[in-house]
Amino acid sequence: MDQGLTDALAYGSGYLGQGKVADYIPALAGAPADHLGICVLTRDGEFHCRGHWDQMFTMQSISKALLLIYALLELGHEKVFSRVGVEPTGDSFNSIVKLETKGHHPLNPFINAGAIATMGLILEEGRTFVQFMEFLEGLARRPLTIDETVYRSEKETGDLNRSLAYFMKSDQVIQGDVEATLDAYFRMCSILVNTRDLARFGMILANDGQDPLTGEPILSAYYATLVKTLMVTCGMYDSSGEFAIKVGMPAKSGVGGGILALVQGKAGLGVYSPALDEKGNSLCGIKTLEYLSQALDLHYFKGNQ
Ligand code: GLU
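Residues numbered from 1 in each chain as written. Predicted model: local features only at pLDDT ≥ 70, side-chain atom pairs only at ≥ 80, totals over all residues. Heavy atoms only, no water.

Visitor: Outline the pairing of strand 7 (residues 258-263), listing residues and values.
Guide: Extensive coverage of strand 7 is indicated by the burial of 6 of its 6 residues. Where strand 6 (residues 251-253) and strand 7 come together, 3 bridges link them in antiparallel fashion. Residue pairing in the sheet places Lys-252 in a bridge with Leu-260 of strand 7. Bridge analysis of strand 7 against strand 8 (residues 267-272) gives 6 bridges, and the strand direction is antiparallel. Across the sheet, the residue bridging to Ile-259 is Val-271, located in strand 8. Counting the residues that bridge the hairpin from strand 7 to strand 8 gives 3 residues, and of these Gly-265 lies at a positive phi of roughly 75°. (Buried < 20%, exposed > 50% of the residue type's maximum accessible area, 1.4 Å probe, protein only. Helix = DSSP H or I, 4+ residues; strand = E, 2+ residues; numbered from the N terminus. Pairing = 2+ DSSP bridges.)

Written out as C-alpha cells, the structure is:
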C-alpha cells in the first residue's frame, strides 16, 4: 500500500499544471492549483496519507452523497425517490435540460437539481441544515465548519442553481421555501473537509454502513449499496462511465477539487487537487486514483476482492 501510494502521488503530480481551478464560483478561483494530496483509510483503522492531504477545501458536490445518506436515514427511500430518480443524465452537473424533457423530477440526487430537491424535501420534512451538519460531524468524528467566503460567493453568483430551484418549485418538486432551500444547499457545498475526512466517509460505505472504528451501524447495508451504486453510475458527473472503466471505484467528486472514493470491504479514499478537467473533476486526483487502482488491483471487476 505505502509504496503504491507514493508512486501514485508521483504519477498524479506529473499532471499538475494541467486542468483549471473552478472560477464560476469566484471564491474558488484562488485555490492552490499545484496541490495534490491523498489519504487512504484501510479496514484495520490505519490512515495512509501523502502530499497535501491535510489541506482544507469545500466539499461541493461530494456533500450530495452525504446528503443522500442523511435523507435516506431520516425519511426512507420511498419518500426520497418520490422526488428524485436514480438514472445518469449524460449532461453536466448543473444542466436544466432534462428537467423539461425527461419529466419534472431530477434524474438523480447527484446533479445540482437532484441535490437541491433533496435538500428541499429535508427542510419540508422539518429537518434543518444544522441537524445535517451534526450528522456529518458524527461521521467525521470532529467539529466541521463552513467556508463563509465560498458560501457567500456562491450565494451571490448562483443564478443557475436559483433557476433550477424555481423551475422545480413551479412543478412542485420543491414545495417549501426556495430561498431557504438554496441557502442550505450553498452552505452544504461550503463545508470544509480534508482528504482524511473523505477517507473516513468512504470507509463507512466500504464497510457496508458500519463505523470502521467502533463497528457501530450507521446506515444499513442496503442503503450503503444504494449510495455506492449511484456513485458508480452518477458520481463523476458526465464522465462516470470513463471513470468506471479506468479506475473502477465508487466515487463522488466536487468542483472544489476533492474526490471521495472507496474499495468495497477494504478502504476509503480521499483525494484533493483543485485543478479540474473539462467535466469538472479533479484532473490530478483522477490520475492518482487511476494509477493506484492499476498498481494495487483495486478495480471492482479485477483482482480477488
Ligand atoms: N456548489 C456547486 C454548484 O452548485 C457544486 C457543484 C459541484 O461540485 O459539482 O455549482
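So much for the structure itself; the text now carries on.
Visitor: For the site of the ligand, give the residues involved together with the corresponding values.
Guide: The full set close to the ligand counts 13 residues, and Tyr-24, Gln-60, Ser-61, Glu-154 and Tyr-237 are the nearest of them. Gln-60 is positioned such that a nitrogen or oxygen atom in its side chain is 2.5 Å from a nitrogen atom of the ligand. Considering the ligand on its own, with 300 Å² of exposed area, one finds that the protein chains cover 100% of that surface. (Near = heavy atom within 4 Å. Polar contact = N/O pair within 3.5 Å; in protein donor to acceptor, adjacent residues only side chain to side chain. Areas by Shrake-Rupley, 256 points an atom, 1.4 Å probe, with all protein chains shown as cover.)

Visitor: I'd love a proper account of the state of the cysteines, names of residues and values included.
Guide: Applying the stated criterion across every chain yields a total of 1 disulfide. Residue Cys-39 pairs covalently with Cys-49 via a disulfide, S to S 2.3 Å. Within this pair, whereas Cys-39 is found in strand 2 (residues 37-42), its partner Cys-49 is found in strand 3 (residues 47-51), the two being separated by 10 residues in sequence. Accessibility expressed as a relative area gives 0% for Cys-39, which makes it buried. Note on Cys-234: no disulfide assigned, nearest cysteine sulfur contributed by Cys-189 at a separation of 17 Å. Cys-234 sits in the buried class, given a relative accessible area of 7%. Here Cys-284 stays unpaired: no disulfide links it, and the sulfur of Cys-39, its closest cysteine neighbor, is 18 Å away. (Disulfide = S-S within 2.5 Å.)

Visitor: Tell me about the sheet that holds strand 7, and please be specific about residues and values.
Guide: Ordered in space as 3-2-8-7-6, the 5 strands form an open sheet in which the pairing is antiparallel. The open sheet has two edge strands, strand 3 and strand 6, and neither has a second partner. In this sheet, neighbouring strand axes are inclined to one another by 10° on average, regardless of whether the strands run parallel or antiparallel. Sitting on the sheet, helix 10 (residues 195-206) touches strand 2, strand 3, strand 7 and strand 8, and the angle it makes with strand 8 is about 150°. (Axes fitted to C-alpha atoms, helices over the stretch in contact; angles between N-to-C directions. Contact = heavy atoms within 4.5 Å.)

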